[in-house]
2 protein chains.
Amino acid sequence: MSELIINTVATIKPLGKEAMAQAQGRQDMLTKPQGSLGRLEQLSVQLAGVQCKPVPQIKDKAIITMAGDHGVVAEKVGNWPQEVTAQMVYNFLNGGAGINVIARQVDARVIVVDMGVATELESNSQLLSRKVASGTQNIAVGPAMTEDQALKAVEAGIEIVTEEVTKGLDIVGTGDMGIGNTTPSAAICAVMTGRSVIEVTGRGTGLTDEQLAHKVEVIKRALQVNSPDPKKPLDVLAKVGGFEIGGLAGVMLGAAAHHIPVVIDGFISGAAALIATALAPVLKDYLIAAHVSVEQGHKFLLKHMGLKPLLNLDMRLGEGTGAALGIFLAETSAKILAEMATFTEAGVSEKEG
Amino acid sequence: MSELIINTVATIKPLGKEAMAQAQGRQDMLTKPQGSLGRLEQLSVQLAGVQCKPVPQIKDKAIITMAGDHGVVAEKVGNWPQEVTAQMVYNFLNGGAGINVIARQVDARVIVVDMGVATELESNSQLLSRKVASGTQNIAVGPAMTEDQALKAVEAGIEIVTEEVTKGLDIVGTGDMGIGNTTPSAAICAVMTGRSVIEVTGRGTGLTDEQLAHKVEVIKRALQVNSPDPKKPLDVLAKVGGFEIGGLAGVMLGAAAHHIPVVIDGFISGAAALIATALAPVLKDYLIAAHVSVEQGHKFLLKHMGLKPLLNLDMRLGEGTGAALGIFLAETSAKILAEMATFTEAGVSEKEG
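Here the structure is a predicted model, which is why all the values come from computation and not from measurement.

Novice: For this particular structure, what's the right way to read the overall build of chain A?
Specialist: The helix and strand inventory of chain A stands at 15 helices and six strands. For 353 residues, the compact-globule formula gives about 20 Å, and the C-alpha radius of gyration of chain A, at 20 Å, lands near that figure. Taking the principal axes of the C-alpha coordinates as reference, chain A spans close to 70 × 40 × 40 Å. The buried share among the 353 residues of chain A stands at 66%.

Novice: I keep staring at the interface of chain A and chain B and nothing clicks. Help me out?
Specialist: Often, the extent of an interface is quoted as the loss of accessible area on bringing the components together. Contact residues are listed per partner, giving 57 residues for chain A and 57 residues for chain B. Where chain A abuts chain B, roughly 4800 Å² becomes buried across the two surfaces, and 63% of that area is made up of carbon and sulfur atoms. For the salt bridge of arginine 104 of chain B with glutamate 339 of chain A, the shortest nitrogen-to-oxygen distance reads 2.9 Å. The interface formed by chain A and chain B holds 28 residue pairs in polar contact (both at pLDDT 80 or more) in total. Considering each element in turn, the side of chain A that touches chain B owes the most residues, nine residues, to helix 14 (residues 321–339) of chain A. Looking at the side of chain A that touches chain B residue by residue, the classes come out as 25 nonpolar, 18 polar and 14 charged.

Novice: Before we go on, may I ask you to explain the packing of aromatic side chains in this structure?
Specialist: The geometry of two aromatic rings is summed up by the distance between their centres and the angle between their planes. A complete count under the given rule lists three aromatic pairs over all chains for this structure. Geometrically, the ring pair formed by tryptophan 80 of chain A and phenylalanine 343 of chain B is stacked, given 5.8 Å between the ring centres and 25 degrees between the ring planes. With one member in each of two chains, tryptophan 80 of chain A in the loop between strand 1 (61–68) and helix 4 (83–94) and phenylalanine 343 of chain B in helix 15 (residues 343–346) form a pair that bridges those chains. Like phenylalanine 343 of chain B, tryptophan 80 of chain A is buried. When the ring centre of phenylalanine 300 of chain A is taken as origin, the NZ or CZ atom of lysine 299 of chain A, which lies over that ring, is 4.8 Å away.

Novice: Help me out: how do you make sense of the packing of helix 7 (residues 182–193) of chain A against helix 12 (residues 267–279) of chain A in this one?
Specialist: Each pair of packed helices can be summarised by the angle the axes make with each other and by the distance between the axes. All names here are of chain A. Packing of helix 7 against helix 12 brings their axes to within 9 Å, and their N-to-C directions diverge by 40 degrees. With respect to their mutual orientation, helix 7 and helix 12 come out oblique. For helix 7 against helix 12, the interelement crossing comes out left-handed. Here helix 7 contributes Thr182, Ser185, Ala186, Ile188, Cys189, Met192 and Thr193 to the contact with helix 12, which in turn contributes Phe267, Ile268, Ala271, Leu274, Ile275 and Ala278.

Novice: Please clarify how the sheet that holds strand 6 (residues 287–289) of chain A should be interpreted in this entry.
Specialist: In any sheet, the strands associate via hydrogen bonds between backbone groups, in a parallel or an antiparallel arrangement. Residue and element names in this part refer to chain A. Read from one edge to the other, the open sheet built from six strands follows the order 3-2-1-4-5-6, with strand pairing classed as parallel. Across the chains shown, the open sheet's two edge strands, defined by having one partner strand only, are strand 3 (127–129) and strand 6. On average, each strand axis in the sheet is tilted by 25 degrees relative to the strand beside it, whichever way the strands run. Inspection of the sheet shows strand 2 (residues 109–116) paired to strand 3 by three bridges, in the parallel sense. Residue pairing across strands places valine 112 opposite leucine 127, the latter belonging to strand 3.

Novice: Is there a simple way to explain the pairing of strand 1 of chain A in this structure?
Specialist: Residue and element names in this part refer to chain A. The buried count for strand 1 comes to eight of eight residues, which makes it a mostly enclosed element. Neither face of strand 1 is exposed, since Lys61, Ile63, Thr65 and Ala67 on one face and Ala62, Ile64, Met66 and Gly68 on the opposite face are all buried. Looking at chain direction, strand 1 and strand 4 (residues 171–177) are connected through seven bridges and run parallel. Note that in strand 4 the partner of lysine 61 across the bridge is isoleucine 171. As judged from the seven bridges shared by strand 1 and strand 2, these two strands associate in the parallel manner. Residue threonine 65 lies in a different strand from strand 2, and its bridge partner there is valine 112.

Novice: Teacher, can you tell me more about the relation of the copies chain A and chain B here?
Specialist: When chain A is brought onto chain B, the operation consists of a screw motion whose angular component is 180 degrees and whose axial shift is 0.0 Å, with 0.0 Å RMSD remaining. Put plainly, the chains are arranged around a two-fold axis. Residue leucine 311 of chain A of chain A places its C-alpha closer to the rotation axis than any other residue of that unit, at 3.2 Å. When the interface residues of chain A are mapped onto chain B, 100% of them are again interface residues, pointing to one common binding face.

Novice: Explanation requested: the side chain of aspartate 69 of chain B in the structure shown.
Specialist: Residue and element names in this part refer to chain B. Inspection of the secondary structure puts aspartate 69 in the loop between strand 1 (61–68) and helix 4 (83–94). Summary of buried charges: aspartate 69 has no salt-bridge partner, and the nearest side chain of opposite charge, lysine 131, is 7.0 Å away. Among the polar contacts listed, one links the side chain of aspartate 69 to the side chain of threonine 85, at a separation of 2.7 Å. Excluding anything up to four places from it in sequence, aspartate 69 contacts Gln82, Thr85, Gly116, Val117, Ala118, Thr119, Gly135, Thr136 and Ile179.

Novice: Teacher, can you tell me more about unusual backbone geometry here?
Specialist: One can expect most non-glycine residues to show negative phi and most peptide bonds to be in trans. One non-glycine residue, cysteine 52 of chain A, lies in positive phi territory at about 55 degrees. With respect to the helices and strands, cysteine 52 of chain A occurs in the loop between helix 3 (38–51) and strand 1. The class of cysteine 52 of chain A is partly exposed, set by a relative accessible area of 40%. You will see that lysine 76 of chain B, though not glycine, has its phi angle at about 55 degrees, which is positive. For lysine 76 of chain B, a relative accessible area of 68% gives the class exposed.

Novice: So what exactly am I meant to see when it comes to the nonpolar core here?
Specialist: Considering soluble globular proteins, one finds that nonpolar side chains tend to be buried as a cluster. Among the nonpolar cores identified, the biggest contains 271 residues, and Met252 of chain A together with Met252 of chain B are the most heavily contacted of them. If near-sequence neighbours (up to four positions away) are discounted, methionine 252 of chain B is found in contact with Thr174, Val262, Ile264, Ser269, Ala272, Ala273, Ala276, Leu283 and Leu287 of chain B.

Novice: Would you explain the environment of glycine 347 of chain A in this entry?
Specialist: Structurally, glycine 347 of chain A is set in the segment after helix 15 (343–346). Residue class for glycine 347 of chain A comes out partly exposed when judged on its relative accessible area of 47%.

Novice: Is there a simple way to explain the side chain of glutamate 155 of chain A in this structure?
Specialist: Residue and element names in this part refer to chain A. The residue glutamate 155 is located in helix 6 (residues 147–166) in this model. Despite its burial, glutamate 155 pairs with no opposite charge, the nearest such side chain being arginine 130 at 6.5 Å. Not counting residues up to four positions away in its chain, the partners in contact with glutamate 155 are Ser2, Leu4 and Ile5.

Novice: Explain the confidence of the model for chain A to me, please; I cannot follow it from the model alone.
Specialist: Averaged over all residues, the pLDDT of chain A is 97; the fraction at 70 or higher stands at 100%. In the predicted assembly, ipTM is 0.97 and pTM is 0.98.

Novice: Would you explain the sheet that holds strand 4 (residues 171–177) of chain B in this entry?
Specialist: Residue and element names in this part refer to chain B. Taking strand neighbours across the sheet as the criterion, the six strands line up as 3-2-1-4-5-6 in an open arrangement whose pairing is parallel. Whereas interior strands pair on both sides, the edge strands pair on one side only; in this sheet they are strand 3 (127–129) and strand 6 (287–289). On average, adjacent strands in this sheet sit at an angle of 25 degrees to one another, irrespective of strand direction. Of the pairings in the sheet, the one linking strand 5 (residues 262–264) to strand 6 comprises three bridges and is parallel in character. Bridging across to strand 6, valine 263 finds its partner in isoleucine 288.

Novice: When you look at the pattern of salt bridges in this model, what are you seeing that I'm missing?
Specialist: It is possible for side chains of opposite charge to pair when their charged atoms get near one another. Under the defined criterion, the tally for this structure stands at 35 salt bridges over all chains. The shortest N-O distance in the salt bridge between arginine 109 of chain A and glutamate 164 of chain A comes to 2.7 Å. Placement of the pair is arginine 109 of chain A in strand 2 and glutamate 164 of chain A in helix 6, with a sequence separation of 55 residues. Note that lysine 335 of chain B is salt-bridged to glutamate 331 of chain B, the shortest N-O span being 3.3 Å. On the criterion of helical spacing, the pair formed by lysine 335 of chain B and glutamate 331 of chain B is a turn pair, its members being four residues apart in helix 14 (residues 321–339). Classification of lysine 335 of chain B by relative accessible area gives partly exposed; the value is 27%. Bridged by salt links that share partners, the residues Asp60, Arg109, Glu164 and Lys167 of chain A form one connected network.

About the criteria used
Residues numbered from 1 in each chain as written. Chains lettered and ligands numbered in written order. Predicted model: local features only at pLDDT ≥ 70, side-chain atom pairs only at ≥ 80, totals over all residues. Heavy atoms only, no water. Helix = DSSP H or I, 4+ residues; strand = E, 2+ residues; numbered from the N terminus. Rg over C-alpha atoms; globule rule 2.2 N^0.38 Å. Buried < 20%, exposed > 50% of the residue type's maximum accessible area, 1.4 Å probe, protein only. Contact = heavy atoms within 4.5 Å. Buried area = accessible area lost by both parts, 1.4 Å probe. Salt bridge = Lys/Arg side-chain N within 4 Å of Asp/Glu carboxyl O. Polar contact = N/O pair within 3.5 Å; in protein donor to acceptor, adjacent residues only side chain to side chain. Nonpolar A, V, L, I, M, F, W, Y, C, P; charged D, E, K, R; others polar. Phe/Tyr/Trp six-rings, centres within 6.5 Å; stacked < 30°, edge-to-face > 60°. Lys NZ or Arg CZ within 6 Å of the ring centre and 35° of its normal. Axes fitted to C-alpha atoms, helices over the stretch in contact; angles between N-to-C directions. Parallel < 35°, antiparallel > 145°, perpendicular 65-115°, else oblique. Left-handed = near helix turned anticlockwise from the far one by under 90°. Pairing = 2+ DSSP bridges. Least-squares fit on C-alpha atoms with pLDDT ≥ 70 in both. Lys, Arg positive; Asp, Glu negative; His and termini not counted. Core = buried A, V, L, I, M, F, W, Y, C linked by side-chain atoms within 4.5 Å. pLDDT = per-residue confidence, 0-100.

Pasting the structure below:
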């Protein structure tokens, strides 16, 4: 463990109960039947607890989309060439990807990070380069990365989000890009939730039955070869994880340490959350699960962490696309709490009896 | 039947198949695995069909929130005093209600209509007055309104949305306000779906078990006394409906006649949709079900119409709050289709094999 990670974990405190009670009190005075805005009301109270403010504020919004490559693609676990990771990074930088469109729609910045893309990327003022290595090693034959690399990945995430916090960040969403990254995510999910590999392994970007069976086989082999220890989350990350997964775990820890709510995206962000919440169990209360992905392991890992997704739109793109939608709901919930009139203010009669 | 309603129904055509095929073709060339944006992709294709444009445009957005009172409150079917309908209309006009906050968040106008509030409302430049009568009659003892009033209510909805279309409307959401209006909605739902009253009757703004049993009893009596004929939707509206429900049915018909997508809100909008789709079955394809309400009949009426809700956030406020969130998703889906780069444009490799 590094000092930065230890200190960050130690800084994450339980949610602000006083702010939550005040937020709930205000919700109950607003001109609507109590509870009638359902999960939007609960979300506003959670945000109050995270920010320790009775009326939370969501103005400065960002998605941190981290990219990394995976040596396990050598085992042919997917249908897309590895070069797509780098090509999609350029697409993010040019504003043409799904995450760019949805982030513009919700007025969130997209922060693109090279955590370990296999290709050498052209330098770009919009690209944060925190490349730990040019892709992980093949987890089917050995560990994905060294322990030191795992620490570096998590630290990068903490540092990047901390830098954003100093600029005034109010909420962060997590996103990923990495050809092959449902494979390490499924491996992490199996180890951390205790579910079988077959239960948590999905079709990624569109595998046939035969290809899916092969992917399950590869993940089983990765777990046998590496014996990751679920009690040591950074050991799991090093043995069967990915650089972008480690980076996202760091983003979550760093954000929570600064009272910033984290909207997590799909399966890959979920795997990162499994690592991060194992390091800091109280982090769970800072997380907002944007959606449940089609990728079948996602629902299990959310359940394991006690997180209930806001949306179920049959999405499975990653990049932070689901998280961006979740940020919209979070901002909406905060505005409801801040801007709706109370019964007294509006001169509306309350419920009888 | 009136000429306006007959002509409007006759004007609603099947969705534009050519535009839908082109939209789907473009979706499949965008830089993401095909189908990976799930329901957002399907939604963009539906919008293309409704607008008959390969790349649908959602810029000018409005929620039409219609208010009306219900004579059946004499039977004590709810916990809120009738005066709240008028008080909430003022709250809408002052921008302090839930719908105002969410509509601002999605940049949609709120058009407030008095379809039949019991109180005489102060005139206001922001309020459309189409008052059919000062509240309906008590459906537990006779029809809610005359046939002529039912026609007037539906016509008002058609005229209001048509006026908006001439100003450039791209999408409309429906909303309601009316103390007691889950009672006529449940009555309509039972008649039109063939389900039992007990199945489709919910707790509205918060009834106890005893109060719920009484509400079921009142609705059963309303159906016995009035014998509404499910084959005659305007008869159902007149006998057990409401002025805002008729108005919203008119909004749906008028919008579809002008190729404007309609995002429907919760249980009351759903009851209006049952009337409107019975008049014009093809209208169904123009409707987007924003969410499924906590009000238990809602899921049954959506199923009856073959509509799948986008959201499930435990909401039950009405006003158009769910519809406003649905408008956000619709606009997002259209922007994805319009703004994402294709594989060729972005120089991204496609799936292998």
